[in-house]
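If you want the building blocks of each chain, they are given just below.
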Amino acid sequence: MNRFRRRRLSLFRRYLEQIPKDHVTILDIGGRKLFWRDTPFWENSRYTILLLNPGEGEDVESAECRLDASNIEKRVGDARDLSAWQGESIDIVFSNSVI
């Protein structure tokens, strides 16, 4: 992880620590497990991370297929239409690199 990404993630973490809840759900648009692996969020039971991508992405994530964290779930969907998430308890939406 480069220093810009580390700094951005550090700011994000400080923001999340201010949320007065025992459990925080993060919707990561365009997210990958590899991004979260070396962060304090990996296997942290305070957080559930939902990775939203347009497809299963197995070809892109072949190395990630072996990675597993109990608090990270993959979801298939279109980030341009989040209406399917109505009623879900999402505390914050995150995106590291969606253009």
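Conventions adopted
- Residues numbered from 1 in each chain as written.
- Predicted model: local features only at pLDDT ≥ 70, side-chain atom pairs only at ≥ 80, totals over all residues.
- Heavy atoms only, no water.
- Phe/Tyr/Trp six-rings, centres within 6.5 Å; stacked < 30°, edge-to-face > 60°.
- Helix = DSSP H or I, 4+ residues; strand = E, 2+ residues; numbered from the N terminus.
- Buried < 20%, exposed > 50% of the residue type's maximum accessible area, 1.4 Å probe, protein only.
- Salt bridge = Lys/Arg side-chain N within 4 Å of Asp/Glu carboxyl O.
- Pairing = 2+ DSSP bridges.
- Axes fitted to C-alpha atoms, helices over the stretch in contact; angles between N-to-C directions.

Q: Can you explain the packing of aromatic side chains? Please cite residues and give values.
A: Taken as a whole and judged by the stated rule, the model has seven aromatic pairs. Pairing Phe 35 with Phe 94 gives two aromatic rings, centres 5.7 Å apart and planes at 35°, and the pair type is tilted. Of this pair, Phe 35 sits in helix α2 (residues 33-37) while Phe 94 is found in strand β4 (residues 92-94), placing the two residues 59 residues apart along the sequence. Here Phe 35 falls in the buried class, since its relative accessible area comes to 11%. We classify Phe 94 as buried; its relative accessible area is 9%. An angle of 55° between the planes, with centres 5.3 Å apart, marks the rings of Trp 36 and Phe 94 as tilted. Of this pair, Trp 36 sits in helix α2 while Phe 94 sits in strand β4, and the two are 58 residues apart along the sequence. By way of ring pairs, the aromatic residues Phe 12, Phe 35, Trp 36, Phe 41, Tyr 47 and Phe 94 are connected into one cluster.

Q: Quick one: what's the story with the pattern of salt bridges, residue by residue and with numbers?
A: In the structure shown here, the tally under the stated rule is five salt bridges. Across the pair Asp 91 and Lys 21 runs a salt bridge whose closest N-O atoms are separated by 2.6 Å. Of the two residues, Asp 91 sits in the loop between β3 (72-76) and β4 while Lys 21 sits in the loop between α1 (3-17) and β1 (24-29), which places them 70 residues apart along the sequence. Among the residues examined, Lys 21 registers a relative accessible area of 34% and is labelled partly exposed. In this structure, Asp 78 and Arg 80 form a salt bridge, with 2.8 Å as the shortest nitrogen-oxygen distance. Take Arg 80: its relative accessible area is 75%, and that puts it in the exposed class.

Q: I'd like to hear about the pairing of strand β2 (residues 47-53), residue by residue, with values.
A: Here β2 lies mainly inside the structure; seven of its seven residues are buried. Residues of β2 alternate between two faces, with Tyr 47, Ile 49, Leu 51 and Asn 53 on one and Thr 48, Leu 50 and Leu 52 on the opposite face, all of them buried. In the sheet, β2 pairs with β3 via five bridges, with the strands oriented parallel. Bridge pairing links Asn 53 to Val 76 in β3.

Q: Could you give an account of unusual backbone geometry, naming the residues involved and the relevant values?
A: With a phi angle near 55°, Glu 43 is a residue other than glycine that sits in the positive phi range. Mapped onto the elements of the fold, Glu 43 is located in the loop between α2 and β2. Owing to a relative accessible area of 42%, Glu 43 belongs among the partly exposed residues under this scheme.

Q: Lay out the sheet that holds β2 in plain terms, naming residues and giving numbers.
A: In space, the four strands of this open sheet follow the order β3-β2-β1-β4, with parallel pairing throughout. A single partner strand is all that each edge strand has here, and the edge strands are β3 and β4. The average undirected angle you get between the axes of adjacent strands in this sheet is 25°. Here β1 pairs with β4 via three bridges, running parallel. Counterpart to Leu 27 in the pairing with β4 is Val 93.

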